[in-house]
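# Remarks on the overall topology
The lines below spell out each chain.
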Amino acid sequence: MRSLSRATALCKSSCSLVFLIPSSSLALPPSPRFRFSSFDSTSPSRSNRHRMAAAADTPPTDGAAAAPSPSSSSAASAIDFLSLCHQLKTTKRAGWVKRDVRDPESIADHMYRMGLMGLILPDIPGINRDKCVKMAIVHDIAEAIVGDITPSDGVPKEEKSRKEAEALDHMCKLLGGGSRGNPSEEIAQLWKEYEDNSSPEAKMVKDFDKVSTIWVS
């Protein structure tokens, strides 16, 4: 228990979100699945997630349950967001599937490889390498909701952009919207910059995307 207390204190000092769930609490399922409107019946309810996130910081009270603190609310929102992002791991890249590529990569596989491309990028004047890595891991994040829409699907580019923008807005709201300093603000900015191809980093990550698309392994 002393080791766990030290680990908890260390986590709290180094980051704003601590996922510490006592053994007496209801455990999250190993592979949560997300539906656009709600979690399925095997996932803990939102109120349960609030209580689990708050358990590490809120001492038990006599007679009544304590109301969730702002930090526990933020933790529950992050769990919602990460549970939705789980879809990126299980959704295969549509272009690969349609071409009968064996063991096609998932959307998360694709973004991870692009992130590594950014990480090993040599120093280039005017290019922020860290920004490239971040942009690579969020550029397709809206596909957790809309799926991987390809040109062969016949969806107009404007409609695809609208669907993805709505999906991204929904995901950012899970993290608390665009309040100052909220991670959703950075995610939204990076995604929009990539979509608009409006910076040197966006142009570089677009090149990563093209290379990754033709790189079948």
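The paragraphs below set out a description of the structure included in this document. The structure presented is a predicted model; accordingly, all values stated were derived computationally and were not measured.

Okay, the overall build of the chain next. If you tally the helices and strands in the chain, you get eleven helices and zero strands. Overall, the chain shows an N-to-C arrangement of helices and strands of α-α-α-α-α-α-α-α-α-α-α. Look at the contacts in the chain between residues 6 or more apart in sequence, and 61% of them connect residues 24 or more apart. In the structure as shown, the chain presents an accessible area of about 13,100 Å², 57% of it carried by carbon and sulfur atoms.

Attention now moves to the nonpolar core. Ranked by size, the top nonpolar core spans 32 residues in total, and within it Phe 81, Ile 141, Val 205 and Phe 208 carry the most contacts. Elements that contribute at least two residues to this core include exactly α3 (70-85), α6 (107-119), α7 (129-138), α9 (157-174), α10 (183-196) and α11 (200-214). Looking at this core element by element, the count peaks at five residues for α9. Excluding its chain neighbours within four sequence positions, the residues that come into contact with Phe 208 are Met 114, Met 117, Gly 118, Leu 121 and Cys 132.

In a regular helix each residue adds 1.5 Å, so 13 residues correspond to 18 Å; α6 covers 18 Å between its end C-alpha atoms and thus fits that length. All of the buried residues along α6 are Ile 107, His 110, Met 111, Arg 113, Met 114, Gly 115, Met 117 and Gly 118. Elements in contact with the buried residues of α6: α4 (87-90), α5 (94-98), α7, α8 (143-146) and α11.

So, on to the pattern of salt bridges. Applying the stated criterion across every chain yields a total of 13 salt bridges. We note a salt bridge from Arg 162 to Glu 159, for which the minimum N-O separation is 2.6 Å. Here Arg 162 and its partner Glu 159 are both found in helix α9, three residues apart, which amounts to about one turn of the helix. Classification of Arg 162 by relative accessible area gives partly exposed; the value is 36%.

Attention now moves to the packing of aromatic side chains. Per the stated rule, a full pass over the model turns up zero aromatic pairs. Taking the ring centre of Tyr 194 as reference, the NZ or CZ of Lys 206 above it sits at 4.2 Å.

Looking now at the environment of Gly 147. The residue Gly 147 is located in the loop between α8 and α9 in this model. Residue Gly 147 is classed as buried on the basis of its relative accessible area of 15%. Counting along the chain gives 54 residues from Gly 147 to Arg 93, while the straight-line C-alpha distance between them is 8.8 Å.

Topologically, Ser 212 is positioned in helix α11. For Ser 212, the side chain forms a polar contact with the side chain of His 110, separated by 3.0 Å. Ser 212 has contacts with Trp 96, Glu 105, His 110, Arg 113, Met 114 and Met 117, leaving out every residue within four places of it along the chain.

Two cysteines, two sulfur atoms, one covalent bond between them: this is a disulfide. Scanning the model with the defined rule gives zero disulfides in all. Cysteine Cys 85 shares no disulfide, and the gap to the nearest cysteine sulfur, in Cys 172, comes to 9.9 Å.

The relative placement of two packed helices is expressed as an angle between their axes plus a distance between the axes. Packing of α7 against α11 brings their axes to within 9 Å, and their N-to-C directions diverge by 55°. Considered as vectors, α7 and α11 are oriented oblique to each other. Handedness of the α7/α11 crossing: right-handed. When α7 is examined against α11, the residues Lys 131, Cys 132, Met 135 and Ala 136 are found in contact with a partner set consisting of Glu 201, Ala 202, Met 204, Val 205 and Phe 208.

By the element assignment, Ser 199 lies in the loop between α10 and α11. Separated by 72 residues in the primary sequence, Ser 199 and Ile 127 have C-alpha atoms spaced 9.1 Å apart. Ignoring anything within four residues of it in the chain, the contact list for Ser 199 reads Lys 131, Met 135 and Glu 193.

So, how was this worked out
Residues numbered from 1 in each chain as written. Predicted model: local features only at pLDDT ≥ 70, side-chain atom pairs only at ≥ 80, totals over all residues. Heavy atoms only, no water. Helix = DSSP H or I, 4+ residues; strand = E, 2+ residues; numbered from the N terminus. Contact = heavy atoms within 4.5 Å. Areas by Shrake-Rupley, 256 points an atom, 1.4 Å probe, with all protein chains shown as cover. Core = buried A, V, L, I, M, F, W, Y, C linked by side-chain atoms within 4.5 Å. Buried < 20%, exposed > 50% of the residue type's maximum accessible area, 1.4 Å probe, protein only. Expected span 1.5 Å × (residues − 1). Salt bridge = Lys/Arg side-chain N within 4 Å of Asp/Glu carboxyl O. Phe/Tyr/Trp six-rings, centres within 6.5 Å; stacked < 30°, edge-to-face > 60°. Lys NZ or Arg CZ within 6 Å of the ring centre and 35° of its normal. Polar contact = N/O pair within 3.5 Å; in protein donor to acceptor, adjacent residues only side chain to side chain. Disulfide = S-S within 2.5 Å. Axes fitted to C-alpha atoms, helices over the stretch in contact; angles between N-to-C directions. Parallel < 35°, antiparallel > 145°, perpendicular 65-115°, else oblique. Left-handed = near helix turned anticlockwise from the far one by under 90°.

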